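Observations on the model geometry
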Amino acid sequence: MTQPDPAVSEFEAKALLAAAGVAVPRGVVVRDGDFSAATGLAAPLVLKGVGPLHKSDVGAVRLGLTHADLPAEATAMTARADLDAYLVEEQAAPGIELIAGLVHDPGFGPVLLTGLGGVFTEALRDTALRLCPITESDARRMLASLRGSPLLYGYRGADPVDVDAVVKILLALGGAGGLWERLDLGEFELNPIIATPGGAVAVDARYILGRHASLPSRPVPDLLPLFEPNAVAVVGASTTRPNFGNMFLEFYKAAGTPVVAVHPTAEEIAGVPAVPSLDAADVDYALVAVPAARCPDVVRQAGRVPYVQVMSGGFGETGAHDLEAELVSAARAAGTRLLGPNCMGVYSPRGRQTFVGGGLGEPGGIALISQSGGLAGEVIKVGERRGLRFSRVATVGNAADVTPAEILRWLSADPETAAVGLYLEDPRDGRALFEAVAGCPKPLVMLVGGRSAQGRRAAASHTGGLVGDGRIWQALADQTGTTLVSSQDDLIGVLSYFQSHARRLLFGDAGGVLVVGPSGGASVLAADVLDRAGLRLDPLADNVTDELRALGVGVGSSLANPLEIPVGPRGRAELVREVVGAIVGRQPYLDVVAHVNAQSFFTYGTRAEPLLEYARALAAAQEDVRARVTLVVRNAECAPDGVEEEVRRIVAVAGIPVYRSMEAAAVAVAAGGRHGTA
C-alpha cells in the first residue's frame, strides 16, 4: 500500500464520505485556473483554496459567488496563500451547524466526537463523545446530551432538523463498519455539518493521517493460580535484617498459605523452609521483593512458575523504561506471566492469598482490580469493616505484562465473582480495556485517578483538542453502563450496593425511587440529592393514599414522595414495614431509600433498642418486597459505640446496604439503575 501524504485534501476526504453514504456538496477541483469544469454547478458557489493550510486563517474560503466571480476571487486568494488547486462547490442551504470528528486517542484508540458547531464548539465546548464503535442509541444520546440540543428538535417554533440524517452521519463515521475501521486515523473532522429539516450535509472535511500499531490480542489467561496458588515463593526475605520479604512471609504464615523462601544460603527464614533459587521452588506464584536491578535475573529463573509478582519499584514509574522492558523480556523468556512491577500483589480469602496484615476476611463475590496497592489495601480493610466480602483483588502497578483488561476478562467468567471494582490511573491498552468492560456482564464501578493530569499530544483540529482524559473515561462509562465514581468512599459504597442487591440487579430500571423517613427538611434535601444523581422520584399512586392514612401517615397533610413517616425513639418501628409494603405492593418502585436520624434516637431517648427495632422492621420489609431497600443512617456519630455496627449487621442479613449520607446512597442507587439499564 502506498503511503499518502500526512494531510489528505478536502476533496479526497469528501470522496471517502460520499462512498460511506454521507451527503457532501457537489463540487469540482480546478488546478489550472480554467473554471469551465464548474459550469454545471448551481450558484451560489463556494471557492476554497487547496493546499497545506488552514483555509479560514488565510482567507482561502469565499462564499456566495457566481460563476463570473470565480477567476478574480481565485487570483486574490492566490496572492494571500500558496495554493495547489481550488475546490468549487455548490453552497449548502443555511441550517444548524454541527461538528463531528474521529480522533485516535493515545490510550483508547478511535473516539467519535460531535457537538454544535461554530461558537458553541469553540467557546462553550458543547460536545459529546463516545469510543468507537457506537450504536444508534449512542448517537442519539450524544445529540440529546448537548446543551444546545433544543435547536435540533425545534426551538421556539422552528422546524426540527432531520436528526435521523445526523445520526446516519455519526454511524458512518463511528459505527460498526464505519470509517474509523478503514482510515489510517490521526484525525478526521467534519466541521461544519449543516443540518436542516430536509437532511444533513458535510460542507467541510479535514483528514490527517496517523498510523498506530495495535497490540496483538491474547487469549484469556487462566488466572486461577494467581488467586488460588497451590504454594507461594517469596524472594527477598532476609536472615539478618527484616524487610518487605519478611513481612510477606509473616502474612502468608498467618493465612495458612503453603510458602517457601528463596535465599542463596539459608535453609529456613523465620521458620519458613528456604530453597537457593526460584527454579528450585515448586510453586505457581512467586513474590519478588529485591532491588529493581536484580529483578530481571530473578525472573529469568521462573520457568516453572506460572505467575511472578514483582513488588519492587524503580521501573517505568521512575523513568527506568529500559529496565522495565528488560524485566518483561525476562518473563517472556522464562515463559511466566508478570504481575507488576511496582505492585503489592493479590488478595483472595478463598485462595489464602494476601498482601495485607490482620488476617483474611470472609470470602465473597466482590472483585477489585487496582493500579495502586495502597488504595487496594484501604478498600479491602475499610470495605470488610463495612461488610464487603471479596473474591479476588489484584493490584497491577505498572501493568507491564498482565493488564487490567486481561484480569477483567477472566473475572467476567469467574463463578466466584458477582461484581467488579476498578481503580485505574493509566489505561495502558485502553482499547482492550474498553472491550473488556463492554463485554463484562457483571456490575462494574470505576474510580480513575489523574483524569485531568495526563499530557496529550497537541491536536491539529477541534476534534483532538476537545477530547480530554476525563471525558473519555465518562464516555466509556456511559457506553457500557459502568458507574464512574470520584472517591474511594463511593467506590466502596457502590460495591456494597452491588453485593447487597446482587440477585435484585436484574430487574432493570423501571419504577423510580421511593424515599421514606422522618423530618420534612431532610426529605426535601434527599429529593434534591437524588435528583442530581439522575434518579426519578415517581409520585405516589392514588390507590395507596387511603391505606397510608389508615396507618396514620399523612393525616392532615398531603402524601408525597419523599414520604414523611414518624421514625424515632417513640415511633412504632413496624410502621416502616407496613408503609413500604403498602406502597410497593401497588406501585413498581425499583428502589426504596429509608433514612433515619440517629441523633434523634439518643437525644429524645437513651436506649439503642428502638433504633435496632427499626432496623429489624426494615429488614423484614426487604424480605416482603421485590424492590431494593437501602438504609441511610444520618448523624451516626451521635450513636453510642457499636450501635451503628449492630444496625449494619441486622439489615445485612436481609441484603440492605447502609450509608451515612444521602449523597453516598444516591451514588450507589444510581449505579444499580445504570447497570440495570445496560
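An unreviewed UniProt entry lists the protein chain under the name Acyl-CoA synthetase (NDP forming), with Nonomuraea endophytica as the source organism.

Details of the packing of aromatic side chains
Here the structure, examined in full by the defined rule, presents 6 aromatic pairs. With 5.8 Å between their ring centres and 45° between their planes, F35 and Y86 make a pair best called tilted. A residue pair is termed long-range when its members are at least 10 positions apart, and F35 in the loop between strand 2 (27-30) and strand 3 (45-50) and Y86 in strand 5 (residues 85-90) qualify at 51 residues. The pair formed by F35 and Y86 is uniform in burial state, with each residue classed as buried. Aromatic pair F227 and W410: ring centres 5.5 Å apart, planes at 20°, arrangement stacked. With F227 in helix 7 (residues 224-227) and W410 in helix 12 (residues 404-412), this residue pair connects regions lying 183 residues apart in the sequence. Classification of F227 by relative accessible area gives buried; the value is 1%.

Looking at the sheet that holds strand 23 (residues 444-448)
Strand order in the open sheet formed by 6 strands is 19-21-20-22-23-24, and the pairing between neighbours is mixed. Edge positions in the sheet fall to strand 19 (346-347) and strand 24 (483-485), since each of these pairs with one other strand and no more. In this fold helix 12 packs onto strand 20 (366-370), strand 21 (390-395), strand 22 (419-424) and strand 23, with an angle of close to 170° to the strand it touches most, strand 20.

Observations concerning the nonpolar core
I407 and F498 are the most contacted members of the largest nonpolar core, which has 100 residues in total. The element that contributes the greatest number of residues to this core is helix 23 (residues 662-677), accounting for 8 residues. Residues in contact with F498, not counting those within four places in the same chain, are A419, P443, L444, V445, L505, A671 and G672. Membership of the second largest hydrophobic core comes to 47 residues, among which are I565, Y589, L611 and V629.

A word on the pattern of salt bridges
Enumeration according to the criterion identifies 29 salt bridges in this entry. Of the charged contacts in the structure, one is a salt bridge between R140 and D164, with a shortest N-O distance of 2.8 Å. Taken together, the positions of R140 in helix 4 (residues 136-145) and D164 in helix 5 (residues 163-174) put the pair 24 residues apart, joining distant regions of the chain. Under the relative-accessibility criterion, R140 is labelled partly exposed at 31%. On the basis of relative accessible area, D164 is assigned to the partly exposed category, the value being 49%. A salt bridge links R616 to E609; its shortest N-O distance comes to 2.6 Å. Residue E609 is classed as partly exposed on the basis of its relative accessible area, which comes to 26%.

Thresholds, definitions, all that
Residues numbered from 1 in each chain as written. Predicted model: local features only at pLDDT ≥ 70, side-chain atom pairs only at ≥ 80, totals over all residues. Heavy atoms only, no water. Phe/Tyr/Trp six-rings, centres within 6.5 Å; stacked < 30°, edge-to-face > 60°. Helix = DSSP H or I, 4+ residues; strand = E, 2+ residues; numbered from the N terminus. Buried < 20%, exposed > 50% of the residue type's maximum accessible area, 1.4 Å probe, protein only. Pairing = 2+ DSSP bridges. Contact = heavy atoms within 4.5 Å. Axes fitted to C-alpha atoms, helices over the stretch in contact; angles between N-to-C directions. Core = buried A, V, L, I, M, F, W, Y, C linked by side-chain atoms within 4.5 Å. Salt bridge = Lys/Arg side-chain N within 4 Å of Asp/Glu carboxyl O.

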